[in-house]
Amino acid sequence: DTAVSQTPKYLVTQMGNDKSIKCEQNLGHDTMYWYKQDSKKFLKIMFSYNNKELIINETVPNRFSPKSPDKAHLNLHINSLELGDSAVYFCASSQGVSSSEAFFGQGTRLTVV
Amino acid sequence: AQSVAQPEDQVNVAEGNPLTVKCTYSVSGNPYLFWYVQYPNRGLQFLLKYITGDNLVKGSYGFEAEFNKSQTSFHLKKPSALVSDSALYFCAVRDGGDKIIFGKGTRLHILP
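What you are looking at is a predicted structure, and each value in this text was computed from that prediction instead of being measured.

(A) Just the environment of Q37 of chain A, in detail. By the element assignment, Q37 of chain A lies in strand β4 (residues 31-37). When its relative accessible area of 3% is taken as the criterion, Q37 of chain A is described as buried. Along the primary structure Q37 of chain A and Y89 of chain A are separated by 52 residues, whereas in three dimensions their C-alpha atoms are 6.1 Å apart. For Q37 of chain A, the contacting residues outside a window of four places in its chain are F42, L43, A87, V88 and F90 of chain A together with Q38, L88 and F90 of chain B.

In structure tokens form, the structure reads like this:
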């Protein structure tokens, strides 16, 4: 069983469209994250949720809206997609304690054309 | 604010030789330090972490890392490199909160 799973794995869409990426974890973790990895492989945190509550929002454009229906799921909805949104988006989860490592999904490669 | 620096974009090592991938950190409180590896078209995999205690921590695939508080470093090491170790390696820090900050990554090439 995959611990952190994201769908879809690949997403190609046109500018201006709205799209969603789904993430689920079966590890029983309290905290979930979205990270963006750009073409230079830099990993930047976007959001973090703890028990369905938003705790980190790293100055991400408000076109990006995370939603956590329960603590096992954290979805990312993106409105009005732009070329610069093309990247690999990673979902991750961890226990809600400082010493815990994060477990990552396989990533969603988003290409905006 | 916490930060992580990986000064080398790429490290080349001959197979069988020891390897070191460098990482320095800056954090206001007690640091929790991590190393991850990313293979092409894959997510990040956890290798090892330092929380407290022994400065030398051992992790997956024969990797280890040495915590040095005075130099604020957490270098990743392996005594004998394998070609299969070639990948992108990330150092990360967590300062007691929920935010995990990653370095820019170091590409490790193991030459046969």
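(B) Layout of unusual backbone geometry. Here T7 of chain A and P8 of chain A are connected by a cis peptide whose omega angle stands at -5°. Locating P8 of chain A in the fold gives a position in the loop between β1 (4-7) and β2 (10-13). We note that Y61 of chain B has phi near 60°; this positive angle belongs to a residue other than glycine. Relative to the assigned elements, Y61 of chain B resides in the loop between β7 (56-58) and β8 (64-68).

(C) Spotlight on the nonpolar core. Ranked by internal contacts, the top residues of the largest apolar core, which has 47 residues, are W35, F74 and F102 of chain B. If you tally residues by element for this core, the top one is strand β10 (residues 87-94) of chain B, at seven residues. Setting aside chain neighbours within four positions, we find F74 of chain B in contact with C23, L33, F34, W35, L48, K49, Y50, V57, A65, E66, F67 and C91 of chain B. F64, I78, Y89 and C91 of chain A belong to the second-largest nonpolar core, a separate cluster that totals 20 residues.

(D) Representation of the pattern of salt bridges in the model. Applying the stated criterion across every chain yields a total of nine salt bridges over all chains. The salt bridge involving D30 of chain A is made with K71 of chain A; its shortest N-O contact spans 2.9 Å. Remark: K71 of chain A occurs in the loop between β7 (64-70) and β8 (73-78) and D30 of chain A occurs in the loop between β3 (19-25) and β4; sequence separation between them is 41 residues. We note a salt bridge from K99 of chain B to E58 of chain A, for which the minimum N-O separation is 2.8 Å.

(E) Structural view of the interface of chain A and chain B. With 26 residues of chain A in contact, the opposing surface of chain B contributes 23 residues. Counting every contact that joins chain A to chain B gives two salt bridges. Here chain A is connected to chain B by eight residue pairs in polar contact (both at pLDDT 80 or more). Those elements that place two or more of their residues in the side of chain A that touches chain B are β4, β5 (43-50), β6 (53-57) and β9 (87-94) of chain A.

(F) Structural view of the environment of N57 of chain A. Residues and elements named next belong to chain A. With respect to the helices and strands, N57 occurs in strand β6. Taking C-alpha positions, N57 is 8.4 Å from I45, a pair spaced 12 residues apart along the chain. Residues in contact with N57, not counting those within four places in the same chain, are M46 and F47.

(G) Region of the structure containing the sheet that holds β1 of chain A. All names here are of chain A. Strand order in the open sheet formed by four strands is β1-β3-β8-β7, with antiparallel pairing between adjacent strands. What marks the edges here is a single partner per strand, and that holds for β1 and β7. Strand-to-strand twist across the sheet, computed as the mean angle between neighbouring axes with direction ignored, equals 20°.

(H) Summary view of the pairing of strand β11 (residues 108-112) of chain A. Residue and element names in this part refer to chain A. Here β11 shows a clear split, with T108, L110 and V112 buried on one side and none of R109 and T111 buried on the other. As paired elements, β9 and β11 share three bridges and run antiparallel to each other. Across the sheet, A87 pairs through a bridge with L110, a residue of β11.

(I) Region of the structure containing the pairing of β5 of chain A. Residues and elements named next belong to chain A. Judged by how many residues are buried, β5 sits mostly within the fold: six of eight residues are covered. Bridging between β4 and β5 involves seven bridges; their strand directions are antiparallel. When the bridges of β5 are listed, W34 appears paired with F47. Connecting β4 to the antiparallel partner β5 that follows it, the hairpin turn spans five residues, and K41 within it adopts a positive phi of roughly 75°. Strand direction decides the pairing type here: β5 and β6, joined by four bridges, are antiparallel. Within β6, the residue paired with Y49 across the bridge is L54. Two successive antiparallel strands, β5 and β6, enclose a turn made up of two residues, where N51 displays a positive phi of approximately 50°.

What counts and how
Residues numbered from 1 in each chain as written. Chains lettered and ligands numbered in written order. Predicted model: local features only at pLDDT ≥ 70, side-chain atom pairs only at ≥ 80, totals over all residues. Heavy atoms only, no water. Helix = DSSP H or I, 4+ residues; strand = E, 2+ residues; numbered from the N terminus. Buried < 20%, exposed > 50% of the residue type's maximum accessible area, 1.4 Å probe, protein only. Contact = heavy atoms within 4.5 Å. Core = buried A, V, L, I, M, F, W, Y, C linked by side-chain atoms within 4.5 Å. Salt bridge = Lys/Arg side-chain N within 4 Å of Asp/Glu carboxyl O. Polar contact = N/O pair within 3.5 Å; in protein donor to acceptor, adjacent residues only side chain to side chain. Pairing = 2+ DSSP bridges. Axes fitted to C-alpha atoms, helices over the stretch in contact; angles between N-to-C directions.

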